[in-house]
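For reference, the chains in residue letters:
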Amino acid sequence: MLTATEQNRHILIVEDDADTAEMVSIFLETAGYTTATADSGEIALNEITAQQPDLVLLDLGLPDMSGLDVLKQVRASSFLPLIVISGKTQERDKVVALEQGADDYMGKPFSQEELLARVMALLRRVGWTPIPDPKLNVRHLELDMARRQASIRGKRLQVTPVEYGILVTMMRNAGEVVSHDELLHAVWGEQYQGDYSVLRVNISRLRQKLEENPRHPSYVVTVPGQGYIMPLKRP
Ligand code: CA
């Protein structure tokens, strides 16, 4: 069951195959969301501006342009929650989409249950509720939980909802090793257990924004064979 807030969420389905688009639309509306569909990249970009959806499902194989180009254009101006859907299920295709800023990736065919689980997990992450201590600080890194903003040395970091979730988890556990599965569970949800590429790509993107030297990180540090640690003192 969706809560009242979740039911108000609007999802844009970008898919040129009319049968698939209709099936996904009916299913999501039955689950309580409102939906709209776009059958080309150009329509999708217009609809995203016009409707400001809460989440986008983006098929990569579109008639007028590559879904990856749509993704790039969306990411140039917003962190709108976005799940890529693709007939290509190679690990490499998945990594490319995640590197371009997709929040999640689903290979076709997918079950309706899997789709709903991923949509709910992503919307929940975006709606991350503030905790009693409104600010978290580790060294020069600060998280303003009320505003959902991260900054380093007073400079604002542009982070995606996923990257924000990683920071919350690492900062709450600063000084301790957080295992790969603990991090996946906390940020993505239970169904992602063992999905290490999604974790690796997002950690690497976060380091590019956060670290003075991303090749020798000092905030999100790899603990080989175990996970990651955010050291309380500069390592
Ligand atoms: Ca297609």
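Quick caveat, the model's predicted, so the values are computed rather than measured.

A. Just the overall build of the chain, in detail. Each helix and strand counted, the chain has nine helices and 12 strands in total. For 235 residues, the compact-globule estimate of 2.2 N^0.38 gives 18 Å, and the C-alpha radius of gyration of the chain, at 18 Å, lies within 12% of that figure. Looking at the chain as a whole, 51% of its 235 residues qualify as buried. Considering only contacts in the chain between residues 6 or more positions apart, those separated by 24 or more positions represent 57%.

B. Highlighting the sheet that holds strand S2 (residues 34–38). Strand order in the open sheet formed by five strands is S2-S1-S3-S4-S5, and the pairing between neighbours is parallel. One side of each edge strand has no neighbouring strand; the edge strands of this open sheet are S2 and strand S5 (104–107). Geometrically, the sheet is characterised by an average inter-axis angle of 20° between neighbouring strands, direction not taken into account. For strand S3 (residues 55–59) and strand S4 (residues 82–86), the ladder comprises four bridges, and the chain directions are parallel. The residue bridging Asp 59 from the neighbouring strand is Ile 85, located in S4.

C. Quick peek at empty space enclosed by the protein. Using the criterion set out here, one finds one cavity of 30 Å³ or more in the structure. A volume near 50 Å³ is recorded for the largest cavity. If you trace the largest cavity, you find it lined by Ile 13, Val 14, Glu 15, Thr 20, Ala 21, Val 24, Leu 57, Leu 58, Asp 59, Ile 85 and Phe 110.

D. Seen up close, the coordination of the calcium ion. Within the protein, Asp 16 (OD), Asp 59 (OD) and Gly 61 (O) serve as the donor atoms for the calcium ion, at 2.2 to 2.4 Å. Coordination of the calcium ion draws on donor residues from a single chain, spaced D-x42-D-x1-G in sequence. With a gap of 43 residues between them, Asp 16 in the loop between strand S1 (10–14) and helix H2 (18–31) and Asp 59 in strand S3 connect regions that are remote in the sequence.

E. Geometry of a negative patch on the surface. Taken together, the side chains of Asp 16, Asp 17, Asp 19, Glu 22, Asp 39, Glu 42 and Asp 64 make up a negatively charged region of the molecular surface. You can see Glu 42 is positioned in helix H3 (residues 41–51).

F. Structural context of the sheet that holds strand S12 (residues 227–229). Pairing is antiparallel across the open sheet formed by three strands, whose spatial order is S10-S12-S11. Each edge of the open sheet is held by one strand with a lone partner, namely strand S10 (177–179) and strand S11 (221–223). Direction aside, neighbouring strands of the sheet carry axes that sit 35° apart on average. Sheet topology note: the S10/S12 ladder contains three bridges and is antiparallel.

G. Spatial organisation of the environment of Glu 22. Mapped onto the fold, Glu 22 is located in helix H2. Each C-alpha atom, one on Glu 22 and one on Ile 229, is 44 Å from the other, the two residues being 207 residues apart in sequence.

H. Structural detail: the packing of aromatic side chains. Tallied over the full model, the rule gives zero aromatic pairs. Of note, Arg 139 hangs over the ring of Tyr 219, and the distance from its end group to the ring centre comes to 4.1 Å. Its end group placed over the ring of Tyr 164, Arg 148 keeps NZ or CZ at 4.6 Å from the ring centre.

I. Quick look at the domain arrangement of the chain. Its domain assignment divides the chain into domain 1 (4–127) and domain 2 (135–229). One C-alpha centre belongs to domain 1, the other to domain 2, and the line joining them spans 24 Å. Where domain 1 abuts domain 2, roughly 1400 Å² becomes buried across the two surfaces, and 54% of that area is made up of carbon and sulfur atoms. Between domain 1 and domain 2 we count one salt bridge in total. The salt bridge involving Asp 195 is made with Lys 94; its shortest N-O contact spans 3.0 Å. Between domain 1 and domain 2 we count five residue pairs in polar contact (both at pLDDT 80 or more) in total. A per-class count over the side of domain 1 that touches domain 2 returns seven nonpolar, one polar and seven charged.

Rules of the game
Sequence order as written defines the numbering, with residues in each chain counted from 1. Per-residue local features are limited, in this predicted model, to residues with pLDDT of at least 70; the limit for side-chain atom pairs, both in listing and counting, is 80 or more; totals at the level of whole chains, interfaces and linings are taken over all residues. Computation of side-chain values covers all heavy atoms of the structure but excludes hydrogens and water. Helix and strand definitions here come from DSSP, where helices need a minimum of 4 consecutive H or I residues and strands a minimum of 2 consecutive E residues; each element is numbered from the N-terminal end. The globule rule used here is 2.2 Å times the number of residues to the 0.38 power, and the radius of gyration it is set against is calculated over C-alpha atoms. Accessible area is worked out with a 1.4 Å probe on protein chains only. A residue is then buried under 20% of its type maximum, exposed over 50%, and partly exposed in between. Two residues form a contact once any of their heavy atoms are found within 4.5 Å. Strands were regarded as paired on the criterion that DSSP finds at least two bridges between them. To get an axis, a line is fitted to the C-alpha atoms, and for a helix only the part in contact is used. The angle between two axes follows their N-to-C directions and goes from 0 to 180 degrees. For cavity detection a 1 Å grid was placed over the protein atoms alone, and a set of points counts as a cavity when a 1.4 Å probe fits there but cannot get out; an open set counts as a pocket when protein lies on both sides within 12 Å along at least five of seven lines, with lining residues being those that have an atom within 4 Å of a point. Grid points are joined across faces, edges and corners, and a volume is the space filled by probe spheres set on the points. Counted as coordinating are nitrogen, oxygen and sulfur atoms within 2.8 Å of the metal, or 3.2 Å for Na, K and Ca, while water is not included, which may make sites look incomplete. Candidates for patches are residues over 30% relative accessible area with no salt bridge; among them, like charges are joined within 9 Å and nonpolar side chains (Val, Leu, Ile, Met, Phe, Trp, Tyr) within 5 Å. Where accessible areas are quoted, they stem from the Shrake-Rupley method and a 1.4 Å probe; at the residue level, only the protein chains shown are allowed to cover. Any Lys or Arg side-chain nitrogen located within 4 Å of an Asp or Glu carboxyl oxygen qualifies as a salt bridge. Neither His nor the chain ends is counted toward charge; the positive residues are Lys and Arg and the negative residues Asp and Glu. Where a charge sits is defined by one atom per residue type, namely NZ (Lys), CZ (Arg), CG (Asp) or CD (Glu). The aromatic pairing rule takes the rings of Phe, Tyr and Trp, using the six-membered ring of Trp, and pairs them if the centres are within 6.5 Å, calling planes under 30 degrees apart stacked, those over 60 edge-to-face and the rest tilted. Two thresholds decide whether a charge sits over a ring: the Lys NZ or Arg CZ must be within 6 Å of the ring centre and within 35 degrees of the ring normal. Where each domain starts and ends comes from a domain assignment, either automatic or drawn from a database. Here's the idea: put two parts together, see how much 1.4 Å probe accessible area each one loses, and the total over both is what we call buried area. In the analysis that follows, any N or O atom pair within 3.5 Å is treated as a polar contact, provided that within protein one partner can donate a hydrogen and the other can accept it, and provided that, for residues neighboring in sequence, both atoms belong to side chains. Only Asp, Glu, Lys and Arg are considered charged in this grouping, and only Ala, Val, Leu, Ile, Met, Phe, Trp, Tyr, Cys and Pro are considered nonpolar; every other residue, Gly among them, is considered polar.

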